[in-house]
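# Breakdown of the fold
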Amino acid sequence: MTAPRFWRKINQRYRLVGTECRTCGTAYFPPRDLCPDCRRDGDIVGKEFSGKGEVVTATVVHDAITDYDSETPYTLAVVELEEGARVTAQVVGEAEVGDSVEPCFRRISDEGEEGIVQYGTKFKRV
Amino acid sequence: MLRDVAVVGVGQTSFGEHWERSFRDLFVTAGVRALEDAGVAGDEIDALYGGNMSAGQFIQQEHVAALIADYAGLSTEGVPATRVEAADASGGLAFRQAVLDVASGASDVVVASGVEKMTDLGSTETTEALAGSADREWEVFSGGNVAALYAMMANAHMERYGTTRRQLSEVVVKNHENATENKYAQYRNEVSAELVESTPYVSEPLRAFDCSPASDGAAAVIVVPAEDAQDYTDQPVYVEATEQGSDSLAVHDRNNMTSIDSTAKAAERAYEAANVSPGDVDVAEVHDSYTVAEILAVEDLGFAEKGDGGAFIEDGHASVGGETPVNPSGGLKACGHPLGATGVRQIADATRQLRGEAGTQVEDASVAVTHNVGGTGATAVVNVLSDRNGRSR
C-alpha cells in the first residue's frame, strides 16, 4: 500500500475513528460519508470507537499475500465492536467465536527487511 | 425482457496453463469456435462484450475489449466492443450485458466472451491481484485475502449448522469426478477426500485443494433474438432470465456470514422472471471458487434448505443422477478458473447440457441455471436457460 493511501487512513489505523449517523444512530467503522440507510437524510459525524468487541468468526491464515508473509500463521477475525460496527482484523494469538477482545497497536505488514513497515490496530483477548 | 433471446453458438479454449499462448490468442480461438458452432459470419456481428477481471495486473494491458475486437477482425467494421468487470463475475456480467443488448432491440447478433491470462505472473503476484476483489483498505490491509474471507464464512457455517470438514472435501471429490469426461477441464483426475484433507492449509479450515486454481482460458457464446434462432441452429437454448444482485463489498458489513445474499436476490428474481422454481432446475453450473462457496450456492439458489448444503452434496443429491446435479463440468475447481472467462464458460457448459452433448451429461436436462460470483459475493449473476421442449416446464 502506497504512503498517501496509508496516510489518509491514519486516524482509522491508529485510533479507530469512524463515523456515526445522527439521524438513525448507526455507527460506522470503517467510516462512511453516506449513511446507506438514511442516504441524503443522514447526518454523518466523526466517532471514536472504544475498540472493545467480540469475535464473530475467525480463521488462521497460512498462505498470505507477500507483505504479510512474515506474520504467518496469523489469526484473522471479524470483530463486532461494542458500538455495533464490524471490522476485519488480526487477533494476537488464538481466537474463538465469542471471545472478548480489546485493541492493541501492532506491526501489520512489511515490504521485506528494508521496505516500508505499516502499523495499525490488531486485537487481543481480554 | 423486451424480446426473447437465445444462445446459438458456444466455444472455448481448454482451461489450464497456456504458457505458449497469449491473451489475444486465447480469445481468438474461443471466438472462432463459437462463430463456427453458430454458423455466424464475422460481418453479421453487431456488438462484442468481453468479461475480464484484471488484465491490467496480469499482463499490464488495459483496453482489452478493443484488443480482442481487433484480433478477431471486428474493428475493421467498427463493431462496438465493451469490457465488463466485476472481479470473477465479469464473464457472467458480460453475458448479461449481451443478452440485454439483444433484448432491447439495439443489436441482433452479439458475442459475449470472457478471457483471463493468469499464468504470466508468479503465484504471489496472482494472489495479490485476486485480493483486488475484496475490500483492499479494510479487509486486505488487515491480512484478509479472498481465501481467508471464505475460510471465515466456512467456519461460521460449520459453527452455526454443523457443516463438516468432510463435506467440504466431498465437493472436490464430486467435481473432479465430473471433470474426467470434460475435454476442456484443467484437472481430469479423480481425487479422494483423504487426499484433499492431506493438502496444506491455506486458511483454516480451507486447504489447497479447496481452492480453484489459477488458469488461462477464454470462452465465447453467440446470442441472437429468439425468433431468429432457428436460422442458426436446430438446438437453440433460450435465456429465460438473466439477473444480477449486489451486496456490501466487505464480508464484515453483511448481516449474515453464512449466505451470499447477492446470490439469493438474483436467484429469486431469476426464478420469478423465468417462471420456474428451484425444484424445476435439472442442472446447475455454480461458482465453487472455494468448496464452501458451492455449499453456500446450493442453499442460496434454493436447491437445499439453508444449513443443509453440505449434507445435500455429501448425500449425492448434487451428483449426476441426483436430485439437482451441480457442476457436471467439474466446476471452477476442476475446469480451472480463468476469472473473467468462467461466467461465459458456465453458459457454454449449460448449453451443452441442454443440447445433450456434454462430456458428463445429465439425462434429459431441460432447465439449467448458471451462477457466477464476484470475489466474496458483492456481485452475483444468476441465469436460467432452457431448451423449451422440456418436461419440467
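What counts and how
Residues numbered from 1 in each chain as written. Chains lettered and ligands numbered in written order. Predicted model: local features only at pLDDT ≥ 70, side-chain atom pairs only at ≥ 80, totals over all residues. Heavy atoms only, no water. Contact = heavy atoms within 4.5 Å. Buried area = accessible area lost by both parts, 1.4 Å probe. Salt bridge = Lys/Arg side-chain N within 4 Å of Asp/Glu carboxyl O. Domains from an automatic or database assignment. Polar contact = N/O pair within 3.5 Å; in protein donor to acceptor, adjacent residues only side chain to side chain. Helix = DSSP H or I, 4+ residues; strand = E, 2+ residues; numbered from the N terminus. Nonpolar A, V, L, I, M, F, W, Y, C, P; charged D, E, K, R; others polar. Pairing = 2+ DSSP bridges.

### Here's the deal with the interface of chain B and chain A
- Opposite the 29 residues of chain B that make contact, chain A presents 36 residues.
- For the chain B and chain A pair, buried surface summed over both sides reaches about 2,700 Å², with 57% attributable to carbon and sulfur atoms.
- One can count four salt bridges joining chain B with chain A.
- Across the pair K9(A) and E137(B) runs a salt bridge whose closest N-O atoms are separated by 3.2 Å.

### As for the domain arrangement of chain B
Residue and element names in this part refer to chain B.
- What the domain assignment reports for chain B is domain 1 (5-123 + 217-231) and domain 2 (145-210 + 240-386).
- For domain 1 versus domain 2, the separation of C-alpha centres amounts to 23 Å.
- For the pairing of domain 1 and domain 2, the buried interface totals around 2,500 Å² over both sides, and the portion due to carbon and sulfur atoms is 65%.
- It is F15, D88 and R96 in domain 1 that bury the most area against domain 2; as a group they hold 29% of the surface buried on that side.

### A short note on the domain arrangement of chain A
Residues and elements named next belong to chain A.
- Here the domain parsing of chain A yields domain 1 (12-49) and domain 2 (51-126).
- Carbon and sulfur atoms make up 67% of the surface buried where domain 1 meets domain 2, a total of about 790 Å² over both sides.
- When the area that domain 1 buries against domain 2 is broken down by residue, the three leading residues are Y14, L16 and F49, summing to 57%.
- For the pair domain 1 and domain 2, the interface holds zero salt bridges.
- In this assembly, domain 1 and domain 2 are joined by two residue pairs in polar contact (both at pLDDT 80 or more).
- Elements that contribute at least two residues to the side of domain 1 that touches domain 2 include exactly α2 (10-15) and β2 (27-28).
- With three residues, α2 is the single largest residue contributor to the side of domain 1 that touches domain 2.
- Per-class residue counts for the side of domain 1 that touches domain 2 are seven nonpolar, one polar and two charged.

### Structural notes on the pairing of strand β4 (residues 53-61) of chain A
All names here are of chain A.
- In terms of strand pairing, β4 meets strand β5 (residues 74-81) through eight bridges, oriented antiparallel. Across the sheet, V55 pairs through a bridge with V79, a residue of β5.
- Bridge count for β4 against strand β7 (residues 100-110) is two bridges, and the pairing is antiparallel. Opposite E54, over in β7, you have S100 as the bridge partner.

### Observations regarding unusual backbone geometry
- Cis peptide bonds are those with omega within 30 degrees of zero, and the linkage from F29(A) to P30(A) qualifies with -5 degrees.
- Its place among the elements puts P30(A) in the loop between β2 and β3 (44-48).
- Cis geometry marks the peptide bond from E204(B) to P205(B), where omega comes out at 10 degrees.
- Summarising the element assignment, P205(B) is placed in the loop between β5 (201-203) and β6 (206-207).
- A positive phi angle, close to 55 degrees, is found at L16(A), a residue other than glycine.
- As for its position among the elements, L16(A) is in the loop between α2 and β1 (17-21).
- Phi is positive for R39(A), close to 50 degrees, though the residue is something other than glycine.
- Relative to the helices and strands, R39(A) resides in the loop between β2 and β3.

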